[in-house]
Structures are given as C-alpha cells and as structure tokens.
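Topology and contacts: notes
Listed here are the chains, written in short residue letters.
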Amino acid sequence: MEAGMAGGETPESQLRGASDGVTNVDAVELKPDGSAVVIIDQTLLPNRLEYVELSDARDMYDAILRLKVRGAPAIGVFAGFCLSALARQMERAGLDTPG
C-alpha cells in the first residue's frame, strides 16, 4: 500500500472527486452533425467545467490564442475538427471545397 492512502484506496479513487457524475470527459469533440467543435474551456479549470461550442473560424482561432484548448495533441485534434466543420459548413452553403 502506498503512503498516505487509507485501506482499499487507490490513486484512481483519489481522483474521482473532481469528476463525480461526469461519465465522458473529452477535451475536444466534433458535433455529431459535423457542424461545430465542442471543447472544454481549459481556462476555467479546475474550478469550473464548461463546454464551448465553436462553429466560426474566428472563434476557433481565438480558442487556441486564448489557451481555451491546450496541449499539442488536443490542439492537433482541434485543428483537424475545425477544418472538417468549416468544410462541412461550406458544403452545406453550396460553396466549393478544396479537393
């Protein structure tokens, strides 16, 4: 048993308090219809968990600039999802998409 842990307590059980009731925590997701990207606003963590839906290119850019999405892997996924959402919006508007 590790020091500082009560009997039967694991490192994972110590972390549960912050996420009680949260069944799926993904920092970056593409909306099911592909029209927008949903992120956890990481500037508000750890005090508040807030999801932000982004569908405008300026807001997407601002999310990276203001560190609402952080870390190279999350930024990479976010950028890919943003391109997909913006291309889907162009397609729905009848505009040509590259390729």
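That block above? That's the structure.
Summarised in this report is the structure supplied together with it. (Residues numbered from 1 in each chain as written. Predicted model: local features only at pLDDT ≥ 70, side-chain atom pairs only at ≥ 80, totals over all residues. Heavy atoms only, no water.)

Details of the overall build of the protein
Along the protein, the regular secondary structure elements total three helices and three strands. Put simply, the protein runs from its N terminus to its C terminus through helices and strands in the order α-β-β-β-α-α. Per-residue burial over the protein gives 20% buried out of 99 residues. For the protein, contacts bridging at least 24 residues in sequence account for 43% of all contacts bridging at least 6. (Helix = DSSP H or I, 4+ residues; strand = E, 2+ residues; numbered from the N terminus. Buried < 20%, exposed > 50% of the residue type's maximum accessible area, 1.4 Å probe, protein only. Contact = heavy atoms within 4.5 Å.)

Notes on the side chain of Ser35
In this structure, Ser35 sits in the loop between β1 (28-30) and β2 (37-40). Among the polar contacts made by the side chain of Ser35, one reaches the side chain of Asp33 at a distance of 2.7 Å. Filtering out sequence-adjacent residues up to four positions away, Ser35 remains in contact with Ser55, Ala85, Gln89 and Arg92. (Polar contact = N/O pair within 3.5 Å; in protein donor to acceptor, adjacent residues only side chain to side chain.)

Some details on unusual backbone geometry
Excluding glycine, a negative phi dihedral is what most residues carry, and trans is how most peptide bonds are arranged. With an omega dihedral of 5°, the bond running from Leu45 to Pro46 counts as a cis peptide bond. Relative to the helices and strands, Pro46 resides in the loop between β2 and β3 (51-54). One non-glycine residue, Leu67, lies in positive phi territory at about 60°. Within the secondary structure, Leu67 sits in the loop between α2 (57-65) and α3 (72-92).

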